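One letter stands for each residue in the lines below.
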Amino acid sequence: MMAKIVKGSDFRGVVDYILNKDKGTQIVAYDGLFMENRETIAMSFNVQSQMNNKIAKPVGHIALSFSKEDEPRLTNRVMAGIALEYMERMGIRNTQFLIARHFDKEHPHLHIAFNRIDNNGNTISDKNERLRSTRICKELTLKYGLYMADSKKNVKRNRLKEPDRTKYELYDILKTEVGRCGNWKVLVVNLNRQGVEVRFKYKRQTNEVQGVIFTMNGYRFNGSKVDKRFSYSKIDAALQRNRMEEHTRLMPRGYETAMPDVPSETTHSEFFNGSLGLLNGNASPYNAADAEANQELADILRRKKKTKRKRGMRF
């Protein structure tokens, strides 16, 4: 879900645009307007805007766009509900508005026209409206389980210039390798084979790792600058998860294994949903170079078998 906010001075112009029959317009919600025709709608807006002549641009116009993947579930009623909640959170309340859905593009979208002069003659604040809108759109996308697009998928790689070209190439490599490696040693080896050097940043005068830097084609990138999922802490958590999942797959039947604690509910969910994208369908058995991890697994199984035998249990 995305929003584009525009201000203007011509209510007739925005009404004509929104109610254009060529766009397959369907009105989904309105309030405080005479709805006989375009002229009466525009007149309603204009009369109220005259309650406050200090505002040069009383017209508020917002386009709300949704992903094509969500089209089957986005009925007019659902979209109207989301639009009204968006307006409430943005502080667009106690004023006239018109909401209509258009069908002239592949993706679902609707338009909101509202009076920036409310029913009491006060101005609806636009302070930090774009920042607030971005945050609210994300919150509503998560609340309603709408499709969250990976912005990097839609980038036209052939048009990129350096260092962005290398950064996106590095992004692809990291996404694959972090999703299938079980520890840093194997990850570093696999990255080196593909021309990526790895260096760790340490807390001053200690051995505590604070960050990771990747170098490729002569360009250096902090992990979090490639993508927030590639900070040192998130990669380390993903590697631990990979290793635990592999342990679980190799564990003989009848055994239970405890999953590692995670810092918070948010962090826990990131391992499983598509927002992180590292383990969702990408996890695979250890790389052949992971001799250290394989030996670790063998030792664990050997110790558990000895314990069971001492207790007189059969396998």
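An account of the accompanying structure is given in this report. Since this is a predicted model, take the numbers as computed values, not measurements.

**Let's talk about the overall build of the protein chain**
Part 1 of the reasoning: Tallying secondary structure elements over the protein chain gives 10 helices and 8 strands in all.
Part 2 of the reasoning: Looking at the protein chain alone, contacts between residues at least 24 apart form 66% of all its contacts between residues at least 6 apart.
Part 3 of the reasoning: With an accessible surface of roughly 18,800 Å², the protein chain has 48% of that area assigned to carbon and sulfur atoms.

**Re helix α1 (residues 11-18)**
Part 1 of the reasoning: Among the residues making up α1, those that are buried are Phe-11, Val-14, Val-15 and Ile-18. Taken down its axis, α1 places every buried residue within 100° of arc, on the same side.
Part 2 of the reasoning: One side-chain oxygen of the residue at the start of α1 lies 3.1 Å from the amide nitrogen of Arg-12, identifying that residue as Asp-10.

**Some details on helix α6 (residues 184-193)**
Part 1 of the reasoning: Taken residue by residue, α6 has Trp-184, Val-186, Leu-187, Val-188, Asn-190 and Leu-191 as its buried positions.
Part 2 of the reasoning: You can read the cap of α6 off the contacts: a side-chain oxygen lies 3.1 Å from the backbone nitrogen of Lys-185, and it is on Asn-183.
Part 3 of the reasoning: Gly-195, located one to two residues past α6, shows a positive phi value of around 85°.

**Quick word on the sheet that holds strand β5 (residues 109-115)**
Part 1 of the reasoning: Strand order in the open sheet formed by 5 strands is β1-β3-β5-β4-β2, with antiparallel pairing between adjacent strands. Looking at the sheet topology across the chains shown, the edges are occupied by β1 (2-8) and β2 (26-31). Neighbour-to-neighbour, the strand axes of the sheet open up by a mean angle of 15°, direction not taken into account.
Part 2 of the reasoning: Strands β3 (59-65), β4 (97-102) and β5 of the sheet are contacted by α1, whose axis makes an angle of about 160° with β5.

**Concerning the sheet that holds strand β7 (residues 209-216)**
Part 1 of the reasoning: The 3 strands lie next to each other as β6-β7-β8, forming an open sheet whose pairing is antiparallel. A single partner strand is all that each edge strand has here, and the edge strands are β6 (196-202) and β8 (219-222). Each strand of the sheet is rotated relative to its neighbour by a mean of 25°, with strand direction disregarded.
Part 2 of the reasoning: Bridge count between β7 and β8: 4 bridges; the pairing is antiparallel. Following the sheet pairing, Phe-214 is matched in β8 by Phe-221.
Part 3 of the reasoning: Sitting on the sheet, α6 touches β6 and β7, and the angle it makes with β6 is about 140°.

**A short note on the pattern of salt bridges**
Two side chains with opposite charge may pair up if their charged atoms get near one another.
Part 1 of the reasoning: Counted according to the given criterion, the structure contains 15 salt bridges.
Part 2 of the reasoning: Taking the shortest distance from any N to any O, the salt bridge between Asp-104 and Lys-23 comes out at 3.3 Å. In this pair, Asp-104 is assigned in the loop between β4 and β5 and Lys-23 in the loop between α1 and β2, connecting sequence segments 81 residues apart.
Part 3 of the reasoning: A relative accessible area of 32% places Asp-104 in the partly exposed class.
Part 4 of the reasoning: In this structure, Arg-93 engages Glu-88 in a salt bridge whose closest nitrogen and oxygen atoms are separated by 3.0 Å.
Part 5 of the reasoning: Judged by its relative accessible area of 41%, Glu-88 falls in the partly exposed class.

**Notes on the packing of aromatic side chains**
What characterises a pair of aromatic rings is the spacing of the ring centres plus the angle enclosed by the ring planes.
Part 1 of the reasoning: With the rule as written, the count across this model stands at 5 aromatic pairs.
Part 2 of the reasoning: Arranged with centres 5.2 Å apart and planes meeting at 80°, the rings of Trp-184 and Phe-200 form a pair that is edge-to-face. Taken together, the residues span a long stretch of sequence, with Trp-184 in helix α6 and Phe-200 in strand β6 at a distance of 16 residues.
Part 3 of the reasoning: Residue classification places Phe-200 among the partly exposed positions, given a relative accessible area of 21%.
Part 4 of the reasoning: One aromatic cluster is present, formed by Trp-184, Phe-200 and Tyr-232 through successive ring pairs.

What counts, and at which threshold
Residues numbered from 1 in each chain as written. Predicted model: local features only at pLDDT ≥ 70, side-chain atom pairs only at ≥ 80, totals over all residues. Heavy atoms only, no water. Helix = DSSP H or I, 4+ residues; strand = E, 2+ residues; numbered from the N terminus. Contact = heavy atoms within 4.5 Å. Areas by Shrake-Rupley, 256 points an atom, 1.4 Å probe, with all protein chains shown as cover. Buried < 20%, exposed > 50% of the residue type's maximum accessible area, 1.4 Å probe, protein only. Arc of directions from axis to C-beta. Polar contact = N/O pair within 3.5 Å; in protein donor to acceptor, adjacent residues only side chain to side chain. Pairing = 2+ DSSP bridges. Axes fitted to C-alpha atoms, helices over the stretch in contact; angles between N-to-C directions. Salt bridge = Lys/Arg side-chain N within 4 Å of Asp/Glu carboxyl O. Phe/Tyr/Trp six-rings, centres within 6.5 Å; stacked < 30°, edge-to-face > 60°.

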